[in-house]
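# Residue-level structural notes
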Amino acid sequence: SSGINAEYGGPLVNKIIKELHKIFKRQKLSITIEQVGKTINFLDTTLSTEDGSYRPYRKPNSKICYVSNASNHPPSILKNIPSSIETRLSNISSSESEFNEARQDYNEALKRAGYEGNLEFKPEDEKKKKKKKK
C-alpha cells in the first residue's frame, strides 16, 4: 500500500479527508493520512510544497534489489537496467544535488547485482535529445 504524507488543516481539507476515508471504506480499503512537514511522499518521490522541489524517496529500512547481471534474462534487458535506473532517478530529481543525495544507495545495489559504473544525473535537456524521432 502507498501512503500520502502531507501537511493539512482547515475545514475544507478535513472534509476531503473524511470523504476519502468513506470512498476507501466502500472499496474495503484503508488510507492513512498523517500530518508531517511541508512534504508529500508518494510512491518513489518526495515532493516539497514549500519550494516545488522533488527527489527520490524510499521507505525507511527498505532494501534496493535489482536482477543479477548473471541472470538468464535477455542481454538487452540486463544491459539497460543501469541506464533505466539512471533515467528514473534523474526524472524524479529536481536538481543534480537532489540526485546526488540519493544515488549512492542505488549505485551500491547495482554493484551488488554485478553491474559496473556509477549513475550520473541527466539534465532535462539531455533527456529530451535522446528521444527517438518517429
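Look up: the structure comes first, before these words.
Here's what I pulled together on the structure shown here. Because the structure is a prediction, the values reported are computed rather than measured. (Residues numbered from 1 in each chain as written. Predicted model: local features only at pLDDT ≥ 70, side-chain atom pairs only at ≥ 80, totals over all residues. Heavy atoms only, no water.)

### Re the pattern of salt bridges
All chains considered together, the criterion is met by four salt bridges. With a shortest N-O distance of 2.7 Å, Asp44 and Arg88 are connected by a salt bridge. Here Asp44, found in the loop between strand S3 (39-42) and strand S4 (45-48), pairs with Arg88, found in helix H2 (residues 75-91); they are 44 residues apart in sequence, far enough to count as distant. Relative accessible area serves as the criterion here: at 25%, Asp44 is assigned to the partly exposed category. The partner of Glu120 in a salt bridge is Arg103, with the nearest N and O atoms 3.7 Å apart. (Salt bridge = Lys/Arg side-chain N within 4 Å of Asp/Glu carboxyl O. Helix = DSSP H or I, 4+ residues; strand = E, 2+ residues; numbered from the N terminus. Buried < 20%, exposed > 50% of the residue type's maximum accessible area, 1.4 Å probe, protein only.)

### Focus on the nonpolar core
Counting residues in hydrophobic clusters, the biggest one holds 15 residues, and the most contacted among them are Ile81, Ile85, Leu89, Tyr106, Leu110, Tyr115 and Leu119. When residues of this core are traced back to their parent elements, those giving at least two are H2 and helix H3 (96-112). Excluding residues within four positions of it along the chain, Leu89 makes contact with Pro56, Phe99, Tyr106 and Leu119. (Core = buried A, V, L, I, M, F, W, Y, C linked by side-chain atoms within 4.5 Å. Contact = heavy atoms within 4.5 Å.)

### Some details on the pairing of S3
Alignment of S3 against S4, held across four bridges, turns out to be antiparallel. Within S4, the residue paired with Ile40 across the bridge is Leu47. (Pairing = 2+ DSSP bridges.)

### Digging into H3
With 17 residues, H3 extends 24 Å from end C-alpha to end C-alpha; this agrees with the ideal 24 Å at 1.5 Å per step. The sharpest bend along H3 measures roughly 45° and falls at Arg103. Of all the positions in H3, only Glu98, Phe99, Ala102, Tyr106, Asn107, Ala109 and Leu110 are classed as buried. Among the structural elements, strand S5 (54-56) and H2 are those in contact with the buried residues of H3. Just past H3, the residue Gly114 takes up positive phi, approximately 95°. (Expected span 1.5 Å × (residues − 1). Bend = angle between axes of the 7 residues up to and from the residue.)

### Digging into unusual backbone geometry
The backbone phi angle of Lys28 is positive, close to 60°, even though this residue is not glycine. Inspection of the secondary structure assignment puts Lys28 in the loop between helix H1 (11-26) and strand S2 (33-34). Not every positive phi belongs to a glycine, and Asn61 is a case in point at roughly 65°. Within the secondary structure, Asn61 sits in the loop between S5 and H2. Classification of Asn61 as exposed rests on a relative accessible area of 82%.

### Quick look at the pairing of S4
It is a general feature of regular strands that their side chains alternate between the two faces of the sheet. Between S3 and S4, which follow one another and run antiparallel, lie two residues, and Leu43 among them has a positive phi close to 55°. Relative to S5, S4 runs antiparallel, the two sharing three bridges. By the bridge assignment for S5, Leu47 is matched with Tyr54. In this antiparallel pair of consecutive strands, S4 and S5, the connection spans five residues, and Gly52 shows a positive phi of 80°.

None of this, on its own, says anything about what the molecule does.
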